[in-house]
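Examining the three-dimensional arrangement
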Amino acid sequence: MQIHADVDLKPYTTFRVAAKAASLVVAGSAADIAEVLDSGSKPALILGGGSNILFTQDVDGLVLVNRIEGRDVVATLDDHVIVRFGAGESWHECVRWTVDNGWGGLENLALIPGTTGAAPMQNIGAYGVEQMACFHELTAMDRATGATMTFDAPRCRFGYRESVFKHELRDRMIITSVSYRLSTKPVINASYADVGNELASRDLSSPSIRDVFDAVVAIRRRKLPDPAVIGNAGSFFKNPVVDHRVYLDVCRIHGGEVPHYPQADGSVKVPAAWLIDRCGWKGYRRGDAGVHEHQALVIVNHGDATGEELLALSYDIQQSVRDRFGIDLEREVNVW
Ligand code: FAD
Ligand code: NAP
């Protein structure tokens, strides 16, 4: 395994901003990672597909790119299978593989960029499903000691775009494999309007997980900016979940009904994209830093924006939403 010096990180992230790593190594197995740790090198940063990170400075240390492959069925139960993915596998290709095999649970999460190893980090979610719904367990190595540990769902402390790996265990663990419990008698979830409408438009009497997968892929291709075309890291902020009183304030300030989704505990989710759009940011551009013209939650790099410029724009967006609606938007993208 070769450790490369002074590496340009631009091709390693979907934001494609300029940044350098003092050194970088690509690990293809847990043994590779053990070798790196045994040599005394401690990775400063772990990268998967780089689709949820913004560099605002160089990495003055070792970047470890996780490319561990592998897809296995580890158990077959009555109406479930347990599958395990190497942490460097493409998330979307793994979802496609599960659908090809008729195993349900992950189909709503089609076309999310990045690796399987990063999926538990922020408990990825889309179209009414979070990866925690099917999560079985993961294995990870302690960056400091090299010890391998297994985490079940309670130990991961999953929440809305949250896990223990973003908090108490931040920068501590290297996830090497993730396993999911998938149904061999799947029930589809078309609770999100876009998915329901897309399936309805296809005139399917009894949609399958394959139909949901195809519908999600089609919706995402239509609605979301393709990082291969324009630099971005998906949603820059989380959707705020606020007290009902705060939601009523937002309606009062706006002077009418506001899109919202009541939560089981009485709180209310307000789409961040709606708040940002109301503050006039959709399609805004400052140099090469901008807000996507169709999706106000996505900050984009039109070409040569720096990480600092994109971050400064995000601060301005947060400030204007705070000033107008009294809501603090929390960042979803990881900033280095
Ligand atoms: P990276 O960006 O490489 O890393 C993200 C974080 O995880 C970093 O802090 C990194 O250090 C850490 N990390 C990565 N791999 C490991 C590992 N093996 N061990 C330990 N730490 C690790 N997210 C959603 O939740 N839902 C969506 O619908 C969604 N849609 C998106 C659409 C677009 C167009 C884009 C660009 C992004 C979208 N995202 C979405 C965000 C992103 O794709 C996910 O968060 C994805 O899981 C990130 O994977 P990655 O491998 O690229 O992670
Ligand atoms: P959308 O369907 O236009 O909906 C706007 C927002 O309203 C979403 O963020 C979603 O919250 C919420 N919402 C919509 N229908 C809902 C329902 N039935 N119940 C509860 N909440 C509902 O959103 P979009 O921008 O096109 O994205 C579609 C899905 O892909 C969303 O789930 C979104 O999270 C996901 N996505 C995520 C990223 C990312 O980087 N994290 C990027 C692109 C898309 P939730 O976000 O909580 O689902």
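Quick caveat: nothing in here was measured; it's all calculated off a predicted structure. (Residues numbered from 1 in each chain as written. Chains lettered and ligands numbered in written order. Predicted model: local features only at pLDDT ≥ 70, side-chain atom pairs only at ≥ 80, totals over all residues. Heavy atoms only, no water.)

1. Section: the sheet that holds strand E10 (residues 135–142)
Strand pairing within a sheet occurs via backbone hydrogen bonds; the two strands may be parallel or antiparallel. Note the threshold: Two strands form a pair only when DSSP identifies at least two bridges running between them. Strands are runs of DSSP state E lasting at least two residues, helices are runs of H or I lasting at least four, and both sets are numbered from the N terminus onward. Axis definition: a line fit to C-alpha positions, over the contact stretch in the case of helices; interaxial angles, taken between N-to-C directions, run 0 to 180 degrees. Residue contacts are defined here by distance: any two heavy atoms, one from each residue, within 4.5 Å place the two residues in contact.
Taken in spatial order, the five strands line up as E6-E7-E12-E10-E11 in an open sheet, and their pairing is antiparallel. The outermost strands of the open sheet, each flanked by one partner alone, are strand E6 (71–76) and strand E11 (148–152). Shown here is a sheet whose adjacent strand axes are inclined to one another by a mean of 20°, direction ignored. In this structure, E10 lies alongside strand E12 (residues 173–183), joined through seven bridges in antiparallel fashion. The residue of E12 that forms the bridge with Met141 is Ile174. Sheet contacts for helix H1 (residues 30–38): E10 and E12; angle to E10, the most-contacted strand, approximately 30°. Across the face of the sheet, helix H2 (residues 91–100) comes into contact with E6, strand E7 (80–86) and E12 while running at roughly 45° to E6.

2. Re the environment of His80
Position of His80 relative to the elements: it lies in strand E7. Taking C-alpha positions, His80 is 9.8 Å from Tyr180, a pair spaced 100 residues apart along the chain. Beyond its immediate chain neighbours, meaning those up to four positions away, His80 contacts Ala75, Arg181, Leu182, Ser183 and Thr184.

3. Re the site of ligand 2
To keep it simple, the criterion reads: One heavy atom within 4 Å of a molecule or strand is enough for the residue carrying it to be called near that molecule or strand. Any pair of nitrogen or oxygen atoms within 3.5 Å is treated as a polar contact; in protein, a donor-acceptor pairing is required on top of that, and neighbouring residues in sequence qualify only through side-chain atoms on both sides. Shrake-Rupley sampling with a 1.4 Å probe provides the accessible areas, and residues are treated as covered by the protein chains on show and by no other component.
Taken together, the neighbourhood of ligand 2 is formed by 19 residues, with Arg161, Tyr192, Lys269, Gln295 and Glu332 sitting nearest. Backbone polar atom of Tyr127 to an oxygen atom of ligand 2: 3.0 Å apart, as the coordinates give it. Here ligand 2 loses 80% of its free accessible area of 790 Å² to cover by the protein chains. Every element with two or more residues in the shell around ligand 2 is listed here: strand E8 (125–126), helix H5 (209–223) and strand E13 (231–235).

4. Here we look at H2
Applicable threshold: With a 1.4 Å probe rolled over the protein chains alone, any residue whose accessible area is under 20% of its type maximum counts as buried; one over 50% counts as exposed, and the rest are partly exposed. To be clear, the arc concerns the directions from the helix axis to the C-beta atoms.
Residues of H2 that are buried include every one of Trp91, His92, Cys94, Val95, Thr98 and Val99, and no others. Seen from one end, H2 has its buried residues packed into an arc of 160°, which puts them on one side. Considering only its buried residues, H2 is in contact with E6, E7, E12 and H5. Gly102, located one to two residues past H2, shows a positive phi value of around 80°.

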